[in-house]
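Notes for the structure review
Each chain is listed here by its residues.
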Amino acid sequence: MAAAQSFDVIVAGAGIAGASLALELAHGGLDVALIDPQPFAAQVAPTFDGRASAIAYSSFRAWDVVGVGEALRPNAQRIEQILVTDGRSAGAASGPPSPAFLRFDAAEIADRSDGEPLGYMLENRHIRAALAAAVTASPIALMAPARVESVAFEAADARVRLADGAELTAPLVVGAEGRGSVVRREAGIGVVGWDYPQKGVVATVRLERPHQGVAYEHFLPAGPFAILPLTDQRASLVWTERIAAADALAAAAPEAFRSLLQRRFGDFVGRVEVEGPTFVYPLALQLAEALTAPRAALVGDAAHGIHPIAGQGLNLGLKDAAALAEVVVDARRRGEDLGAETVLARYAAWRRFDNVALAAATDAFNRLFSNDHPALRLVRDAGMALVNRIGPARRFFMQEAGGAVGDLPRLLRGEAL
Ligand SMILES: Cc1cc2nc3c(=O)[nH]c(=O)nc-3n(C[C@H](O)[C@H](O)[C@H](O)COP(=O)(O)OP(=O)(O)OC[C@H]3O[C@@H](n4cnc5c(N)ncnc54)[C@H](O)[C@@H]3O)c2cc1C
């Protein structure tokens, strides 16, 4: 049998979190292997991932540092305003009269954010294409299609076995393979969580009238209905519904789906036309019981899958990547063992609170808003009205959404490693 190839870090999973991490580690001078059963060509196909992501401006800075920002910019729609409303019925997404609303405006924090928007909306297929081009042009050893099948954690290094029998070794293996992480399983890290009685229906629509960079999140009893602005007068729609209703929506004939959508939107953006396929995503909360084990670290959905109510799941994964890259690159400069528990403990301490806090907050938000209980409606509407009236509270939420608070990794401040 051929000798095992060795690397500084093996990253399992070349999704958006894993590919970003691999680029960041390579930017820091490390020798990286990146493994995925899905070749990049499959990941950018229009039928692979219909989602668009709200990317915090701090996450975008990290992509700028590793050289993918330029390719993404033409496809990035600035989010200038976020309008959150609480409603009861279809068509109410057309705006007033709504009992309560919250308005976040990028101009209000322009002095602190250097004029950056609240975030950027980017279609996942464009993010995947830009990352794929950068990885392909880098010295990263890309292995795709290839699947991590098992990992043996040994005293001096970790030994990864691929489905075709090939073996790789490195002092550190990172699980970035999403919710079904093999590295997590092999490291003996358990998960906690539950399924939501909801699914997310995702579609891209063309709008007759301009959206002017406004993102709408409208809370309806079955779950949030979000209209997120995209470039070229289009929007990404995330329609959260109870499971049976979501399945029925996805199975509806195109014209029936369009007219249901039009009723939900109301007429404030004019006629809406659906472009491309409709996607349905099951929703669940899943938190790994630990972020690290000896010679193993988890990033992205492998570590935490959260409700998309706040559009923060991927941002958490990108923050994980930026923090882990900084910890590992600094450890190399100090001559430390990259997979040592003392090194990985720095990463876990840095990311644990943020991940758990956001998972809990999105779960609580979903429970608070996805119902029509009169007392809860009263509480949440009062809360929204209060935040809306208090400038500092509003500005806090905006900076939080922009990801520019707390102890930020250097990459998220736009600095090289
Ligand atoms: C409806 C919806 C809307 C969302 N909207 C937003 C948003 O607006 N903003 C936001 O920040 N987040 C959003 N999210 C969350 C976001 O989409 C996820 O958090 C993100 O896609 C996770 O990326 P990842 O790279 O961690 O994992 P994944 O995308 O799951 O990637 C995992 C990769 O690992 C590979 N893999 C699997 N098994 C193996 C193996 N054995 N060996 C090697 N590789 C393997 C897979 O092929 C895949 O490429 C949304 C989620 C949903 C469901």
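To be clear, the structure that these remarks concern was listed above.
Now for a description of the structure that goes with this document. (Residues numbered from 1 in each chain as written. Predicted model: local features only at pLDDT ≥ 70, side-chain atom pairs only at ≥ 80, totals over all residues. Heavy atoms only, no water.)

**What about the overall build of the chain?**
In terms of regular secondary structure, the chain is built from 13 helices and 21 strands. Over its C-alpha trace the chain gives a radius of gyration of 21 Å, about what one expects of a compact globule, namely 22 Å for 417 residues. Over its C-alpha atoms, taken along the principal directions, the chain stretches across nearly 65 × 45 × 40 Å. In the chain, buried positions account for 56% of the 417 residues. Here the analysis covers contacts within the chain between residues at least 6 apart in sequence; of these, 74% occur between residues at least 24 apart. Taken as a whole, the chain presents about 16,700 Å² of accessible surface, with 57% of it coming from carbon and sulfur. (Helix = DSSP H or I, 4+ residues; strand = E, 2+ residues; numbered from the N terminus. Rg over C-alpha atoms; globule rule 2.2 N^0.38 Å. Buried < 20%, exposed > 50% of the residue type's maximum accessible area, 1.4 Å probe, protein only. Contact = heavy atoms within 4.5 Å. Areas by Shrake-Rupley, 256 points an atom, 1.4 Å probe, with all protein chains shown as cover.)

**Description of helix H6 (residues 124–137)**
Taking 1.5 Å as the rise per residue, H6 with 14 residues should run 20 Å; its terminal C-alpha atoms sit 20 Å apart, in good agreement. For H6, the full list of buried residues reads Asn-124, His-126, Ile-127, Arg-128, Ala-130, Leu-131, Ala-132, Ala-134 and Val-135. (Expected span 1.5 Å × (residues − 1).)

**Considering the site of the ligand**
Lining the immediate environment of the ligand, one finds 29 residues, of which Asp-36, Arg-51, Asp-301, Gly-311 and Leu-314 sit closest. Note that a nitrogen atom of the ligand is positioned 3.4 Å from one of the backbone N or O atoms of Gly-13. A distance of 3.4 Å separates a nitrogen atom of the ligand from a polar backbone atom of Gly-313. For the ligand, whose unbound accessible area comes to 1,000 Å², protein coverage reaches 88%. (Near = heavy atom within 4 Å. Polar contact = N/O pair within 3.5 Å; in protein donor to acceptor, adjacent residues only side chain to side chain.)

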